[in-house]
Amino acid sequence: MFEKLQDIIVDKLGVEASEVTMEASFRGDLGADSLDLFEVVMGIEEEFDVTIENEDLEKIETVKDAIEYITSKQ
């Protein structure tokens, strides 16, 4: 699952795969703005067949948070 998520993040944010770690924060470490995060969310929803509710977006700050969220919805 991490590898798939990593591919989405690299594609949408234009960062190096080595920058995408479990501890990396989307805004701080990976430099994502609101539009970038929207694109990542769309990629996650499509790849993992989950729906991320707007109120849950605030809780997803790191790559680890995203993986835990996806896991809880599957």
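Look up: the structure comes first, before these words.
Just so it is clear, the structure is predicted and the values come from calculations on it, not from any experiment.

Calculation rules
- Residues numbered from 1 in each chain as written.
- Predicted model: local features only at pLDDT ≥ 70, side-chain atom pairs only at ≥ 80, totals over all residues.
- Heavy atoms only, no water.
- Axes fitted to C-alpha atoms, helices over the stretch in contact; angles between N-to-C directions.
- Helix = DSSP H or I, 4+ residues; strand = E, 2+ residues; numbered from the N terminus.
- Parallel < 35°, antiparallel > 145°, perpendicular 65-115°, else oblique.
- Left-handed = near helix turned anticlockwise from the far one by under 90°.
- Contact = heavy atoms within 4.5 Å.
- Buried < 20%, exposed > 50% of the residue type's maximum accessible area, 1.4 Å probe, protein only.
- Arc of directions from axis to C-beta.
- Salt bridge = Lys/Arg side-chain N within 4 Å of Asp/Glu carboxyl O.

### Focus on the packing of helix α1 (residues 2-13) against helix α4 (residues 63-73)
Move 1: Between α1 and α4, whose axes approach to 11 Å, the crossing angle comes to 125°. Here α1 is positioned oblique relative to α4, judged by the angle of their axes. The element α1 and its partner α4 pack so that their crossing is right-handed. Here α1 contributes F2, L5 and I9 to the contact with α4, which in turn contributes V63, A66 and I67.

### Concerning α4
Move 1: Within the sequence span of α4, burial applies to V63, A66, I67, Y69 and I70. Down the axis of α4, the buried set is contained in an arc of 160°. They therefore lie on one face.
Move 2: Buried residues along α4 sit against α1, α2 (34-48) and α3 (54-57).

### Observations concerning the pattern of salt bridges
Move 1: Counting across every chain of the model gives four salt bridges.
Move 2: A salt bridge links D11 to K12; the nearest nitrogen and oxygen atoms lie 3.8 Å apart.
Move 3: With a closest N to O distance of 3.2 Å, K59 and D56 form a salt bridge.
Move 4: Looking at K59, the relative accessible area reads 58%, which means it is exposed.

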